[in-house]
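The lines below spell out each chain.
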Amino acid sequence: MKERTVQLEVLRYNPDTDTEAHFQRYEVVCQEEWVVLDALNKVKADIDPTLNYRWSCHMAVCGSCGMMINGEPKLSCHAFLRDYEGVIRVEPLAHFPIERDLVTAPDDFMEKLKRVKPYIIPKEKKPISEGEYKQTPAQLMKFRQYSMCINCMLCYAACPQYGLTPSFIGPAALTLAHRYNQDSRDGGRAERQEVVATHEGVWECTFVGACSEVCPAHVDPASALQQMKITSSLDWIVEHLMPGGKSARDTASREDAGDIS
Amino acid sequence: MSRKPLVRECPPTTWYFRQPRYMRYMSREITSIFVGAYCVLLVVGLQRLADGPTAWEGFLLALQSPASIVFQILAFVAAVYHAATWFNATQKAMPLQIGEGFVPGNLISGAHYAAWAVLSLIVLILAGVF
Ligand code: SF4
Ligand code: FES
């Protein structure tokens with residue numbers, strides 16, 4: 001195995017003592033086939049145990065090791081050292097508050113996930129005795145791609161709209177709304193529209209497309225958002241231009257009222 | 001231990017210099033200025049036409065000035081670039097599922113390019129170019 005000495009420039013921030021973040025340089029002897037996360041682990045084990053960062057699976061499935069690597073949002077367990085030359089600059093995910101060193105606070109994203117109701121709201125509830133909700137492979141394919149999200153938040157770090165307007169629900173959460181809207185077992189679209197079809201929802205998106213370029217799970221959030229813009233526009237046309245048209249949101253409140261009575 | 005998260009603001013006016021993909025996005029957005037300006041030009045032309053033959057002749061003459069030709073070339077390039085970005089986006093916004101598979105994206109964008117070519121041809125024929 002070939003060795004290589006790698007220069008890492010890591011953004012450090014200690015909330016107990018610092019008011020600003022600063023870069024710290026580490027020189028690490030690495031194996032040629034390592035990823036950036038391996039290099040960080042080596043720093044923590046041999047050079048500086050105070051370095052903080054998140055990771056778990058080391059195989060691009062848990063979504064916890066997202067960082068900015070040379071300015072690009074990446075899973076550090078999926079960023080191979082051989083793809084980088086010179087000093088590698090490692091920063092916490094952009095657009096999220098820094099908790100400590102490379103650890104960011106994901107609270108805002110978690111809150112937004114909840115708001116889009118990312119679970120199946122059955123069209124018609126039926127007792128377990130009536131068996132499972134069935135789905136054909138074609139019905140599955142309609143949303144499968146959008147169910148591959150690993151909640152790594154790289155798309156939020158890539159999205160300038162989210163950086164500029166933090167109230168934007170953002171790519172991954174809106175894509176999850178789409179995932180459930182597209183599910184043949186789901187009947188919750190009207191409820192989700194109250195969050196989706198708003199200025200904080202899909203209409204904040206100006207289709208920069210960066211989310212889809214950085215997504216490690218090939219979810220293509222940009223496509224989900226554009227599709228939701230089209231269906232939301234169709235809703236608007238039905239509501240405003242068709243005689244007797246009802247908006248998706250009206251339908252939601254009618255159903256809510258029905259539930260209560 | 002209390003939390004004291006550090007917020008790093010996104011620079012509101014210079015953010016698009018951070019990444020080549022942001023610059024690409026901005027260039028797409030800027031082309032719309034040319035598209036809009038050309039629409040204004042068309043409306044002015046219509047107004048001149050309504051004002052009578054002399055006004056219309058004057059408008060046509062003004063179109064042939066070097067500055068006007070430079071603008072028209074720029075507007076043409078911008079409009080083609082702008083249109084192409086949208087045609088390429090159609091495959092994302094309007095996927096077509098047949099059974100368990102999806103129609104290849106290139107076909108969807110390609111169909112839009114084809115429709116564009118046919119419509120342009122019809123317009124050119126109606127305008128008596130051929
Ligand atoms: S959509 Fe992609 S980039 Fe965004 S959180 Fe999900 S997996 Fe990560
Ligand atoms: S450690 Fe799990 S995705 Fe990188």
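Cut-offs applied
- Residues numbered from 1 in each chain as written.
- Chains lettered and ligands numbered in written order.
- Predicted model: local features only at pLDDT ≥ 70, side-chain atom pairs only at ≥ 80, totals over all residues.
- Heavy atoms only, no water.
- Helix = DSSP H or I, 4+ residues; strand = E, 2+ residues; numbered from the N terminus.
- Buried < 20%, exposed > 50% of the residue type's maximum accessible area, 1.4 Å probe, protein only.
- Contact = heavy atoms within 4.5 Å.
- Areas by Shrake-Rupley, 256 points an atom, 1.4 Å probe, with all protein chains shown as cover.
- Lys, Arg positive; Asp, Glu negative; His and termini not counted.
- Charge placed at Lys NZ, Arg CZ, Asp CG, Glu CD.
- Buried area = accessible area lost by both parts, 1.4 Å probe.
- Salt bridge = Lys/Arg side-chain N within 4 Å of Asp/Glu carboxyl O.
- Nonpolar A, V, L, I, M, F, W, Y, C, P; charged D, E, K, R; others polar.
- Near = heavy atom within 4 Å.
- Axes fitted to C-alpha atoms, helices over the stretch in contact; angles between N-to-C directions.
- Parallel < 35°, antiparallel > 145°, perpendicular 65-115°, else oblique.
- Left-handed = near helix turned anticlockwise from the far one by under 90°.

Caption draft 1: Structural view of the overall build of chain A. Looking only at helices and strands, chain A features 10 helices and 7 strands. Seen through its C-alpha atoms, chain A measures out along the principal axes to roughly 70 × 40 × 30 Å. For chain A, with 261 residues in total, the buried portion stands at 49%. Long-range contacts, defined as pairs at least 24 residues apart, comprise 63% of the intrachain contacts of chain A with a sequence gap of at least 6. Of the accessible surface of chain A, which amounts to about 12600 Å², a share of 53% is contributed by carbon and sulfur atoms. The average position of the 29 basic charges and that of the 37 acidic charges among the side chains of chain A differ by 5 Å.

Caption draft 2: Summary view of the interface of chain B and chain A. Between chain B and chain A, the contact holds 28 residues from the first and 43 residues from the second. Interface area, chain B with chain A, both sides summed: about 2800 Å², of which 52% is carbon and sulfur. Seen at the junction of chain B and chain A, the total is 7 salt bridges. Residue Glu213(A) pairs with Arg21(B) through a salt bridge whose shortest N-O separation is 2.9 Å. The leading source of residues in the side of chain B that touches chain A is helix α1 (residues 20-50) of chain B, at 5 residues. Its residues placed into classes, the side of chain B that touches chain A shows 16 nonpolar, 3 polar and 9 charged.

Caption draft 3: Region of interest: the site of ligand 1. If you check the shell around ligand 1, you find 13 residues, and the closest are Cys149(A), Cys152(A), Met153(A), Cys155(A) and Cys215(A). Of the residues contributing to the shell around ligand 1, the split by class is 12 nonpolar, 1 polar and no charged.

Caption draft 4: Quick peek at the packing of α1(B) against helix α2 (residues 53-63) of chain B. Residue and element names in this part refer to chain B. Contact geometry for α1 and α2: axes closest at 7 Å, N-to-C directions at 150°. In terms of orientation, α1 and α2 fall into the roughly antiparallel class. The chirality of how α1 crosses α2 is left-handed. Residues Leu41, Val44, Gly45, Arg48 and Leu49 of α1 form the contact with α2, whose participating residues are Ala55, Trp56, Phe59 and Leu63. When the residues that make up the contact of α1 with α2 are grouped by side-chain class, the tally is 7 nonpolar, 1 polar and 1 charged.

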